[in-house]
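Remarks on the overall topology
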Amino acid sequence: MGARPQFIKHAPVSKELKKHFVLKTIHTGQHYDFRLSEIFFKELNMDEPDFLLKIGSHTHGIQTGLMLMEIEKVLLIEKPKVVLVYGDTNSTLAGAIAASKLGILIAHVEAGLRGFNRDLPEEINRILTDHVSTFLFAPTKNSVQNLKNEGIVENVFLCGDVMLDSILLAKKLIGNVEEGNFYLVTLHRPYNTDSIERLISILDTINELHFPSVFPIHPRTRVKLEENGIDISKYFNVKFVPPTSYLELVRLQMQAKAVITDSGGVQKEAYILGKRCITLRKETEWGETLIGNWNYLIFNNLEMIGEALKLPLSHYNRGLFGDGKASQFIANRILNGISRSDI
Ligand code: UD1
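In this report, the structure presented in the accompanying data block is examined. (Residues numbered from 1 in each chain as written. Predicted model: local features only at pLDDT ≥ 70, side-chain atom pairs only at ≥ 80, totals over all residues. Heavy atoms only, no water.)

Focus on the overall build of the chain
Convention followed: The helix count covers DSSP runs of H or I at least four residues long, the strand count covers runs of E at least two residues long, and both are numbered beginning at the N terminus. Radius of gyration here uses only the C-alpha atoms, and the compact-globule reference equals 2.2 Å multiplied by the residue count raised to the power 0.38. Buried means the residue's accessible area, taken with a 1.4 Å probe over protein chains only, is under 20% of the maximum for its type, while exposed means over 50%, and partly exposed covers the values in between. Any pair of residues with heavy atoms lying within 4.5 Å of one another is described as a contacting pair. To be clear on the numbers: accessible area is Shrake-Rupley with a 1.4 Å probe, and residue cover counts the displayed protein chains and nothing else. The sign given to each residue is positive for Lys and Arg and negative for Asp and Glu; His and the chain ends receive no count. Charge positions come from single atoms, namely NZ of Lys, CZ of Arg, CG of Asp or CD of Glu.
When its secondary structure is counted, the chain shows 14 helices and 12 strands. Since a compact globule built from 343 residues should have a radius of gyration of about 20 Å, the 20 Å found for the chain is in line with a globular shape. Considered along the principal axes of its C-alpha atoms, the chain spans approximately 60 × 45 × 40 Å. The burial tally for the chain puts 57% of its 343 residues in the buried class. Counting only contacts in the chain whose residues sit at least 6 apart along the sequence, the fraction spanning at least 24 positions is 67%. Accessible surface for the chain amounts to roughly 15400 Å². Of this, 53% is attributable to carbon and sulfur atoms. Put simply, the chain has 39 plus and 39 minus side-chain charges, and the middle of one group is 4 Å from the middle of the other.

Here's the deal with unusual backbone geometry
Of note, the phi angle at N45 is positive, near 55°, even though the residue is not glycine. Secondary-structure assignment places N45 in the loop between α2 (38-43) and β2 (51-52). Of note, K79 is a non-glycine position whose phi angle comes to about 45°, a positive value. Counting through the fold element by element, K79 comes out in the loop between α3 (60-78) and β3 (82-86).

Quick word on the environment of K73
Its location among the elements puts K73 in helix α3. We classify K73 as partly exposed; its relative accessible area is 45%. Once the C-alpha coordinates of K73 and L273 are considered, the two residues, 200 residues apart in sequence, prove to be 41 Å apart.

A few points about the site of the ligand
In plain terms, the rule: One heavy atom within 4 Å of a molecule or strand is enough for the residue carrying it to be called near that molecule or strand. In protein, a polar contact requires one atom able to donate a hydrogen and another able to accept it; more generally it is a pair of N or O atoms within 3.5 Å, and residues adjacent in sequence count only if both atoms are side-chain atoms. Think of it as three bins: nonpolar holds Ala, Val, Leu, Ile, Met, Phe, Trp, Tyr, Cys and Pro, charged holds Asp, Glu, Lys and Arg, and polar takes everything else, Gly as well.
With respect to spatial proximity, 19 residues lie near the ligand, and among them Q30, H31, Y32, N90 and E122 are the closest. One of the backbone nitrogen or oxygen atoms of D33 is found 2.9 Å away from an oxygen atom of the ligand. H218 has a polar side-chain atom sitting 3.1 Å from an oxygen atom of the ligand. Here the ligand loses 86% of its free accessible area of 740 Å² to cover by the protein chains. Taken together, the elements giving at least two residues each to the shell around the ligand come down to α1 (4-20) and α10 (219-227). Of the residues contributing to the shell around the ligand, the split by class is 5 nonpolar, 8 polar and 6 charged.

Structure below.
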């Protein structure tokens, strides 16, 4: 693992894995800022990673290539039976390729997700990782179907979503909170932040909304605003704060009137927490959340955000992301699978 959402997923999964296996963790160093990495380990009481590769930020090819080289070295020494990877980041792909080249079994948590837009690095990472994986842990029925459409039917397990497990853990630590009068905003995708004109249009629109917004700002987004000399104090209706810890973000989502984001994970968290979400993207890999207006996609017509925030909500599916025991299922299924000779 290496990026923020993977640390969150690892908290419940590592707890279950440790019941059955000797677990060694590789942190690629894709995220290295304290507020994008270390804080999650501390807050979620996780063991320090056994291997810290410190790869850092590069072009995608260099970043993935360096990770592949370094992960292979660890695998050659440690000789694991299974390599488990999460989600769709460059760290996921590097881990999966390194393991596949060495003939090691691969477990992919969050298998089968598709946004059907191959321009995005995450979509390529998902597809390639699924196609080399041995155990495919699919969170939703749609993800099982997506794998089937690509001819992957063996060892596909519908198990619910480990982020529900993480949220249940977080809610216990947070306790009850009351809803406030603000929106929560998170933005970090290159197509929303790399063009300063687009980023400004989004901020202008959010600044005009009926309620103020709280915006924990990803380093990528902050750098873009600084480079372009944007004075953020003019956005009087937007409170910019540093990236939050996981518990802080869950608490903010519980308090917010609604969530405006381009993150895959935050869309899902908002749904689990029963919050309306506006997603500033052309597509989503979590299409099920669009039913009943719980999640609403907006890309070009930003002026629609205000309207979309008022649409009626219906058809909430409480069981969409499983029963909160996905991590337990995953650990048991791997244990079961590796003792069978046909895998
Ligand atoms: C990555 C994942 C994305 C995931 C996100 C979660 C890929 C292709 N993208 O996107 O799927 O949703 O993590 O946050 O793997 N930076 C820092 N400090 C850090 C890390 C990054 O300042 O600790 C800055 C650097 O300028 C870097 C940029 O953010 O170049 C982008 O970081 P990177 O890890 O490449 O992608 P993310 O946008 O974080």
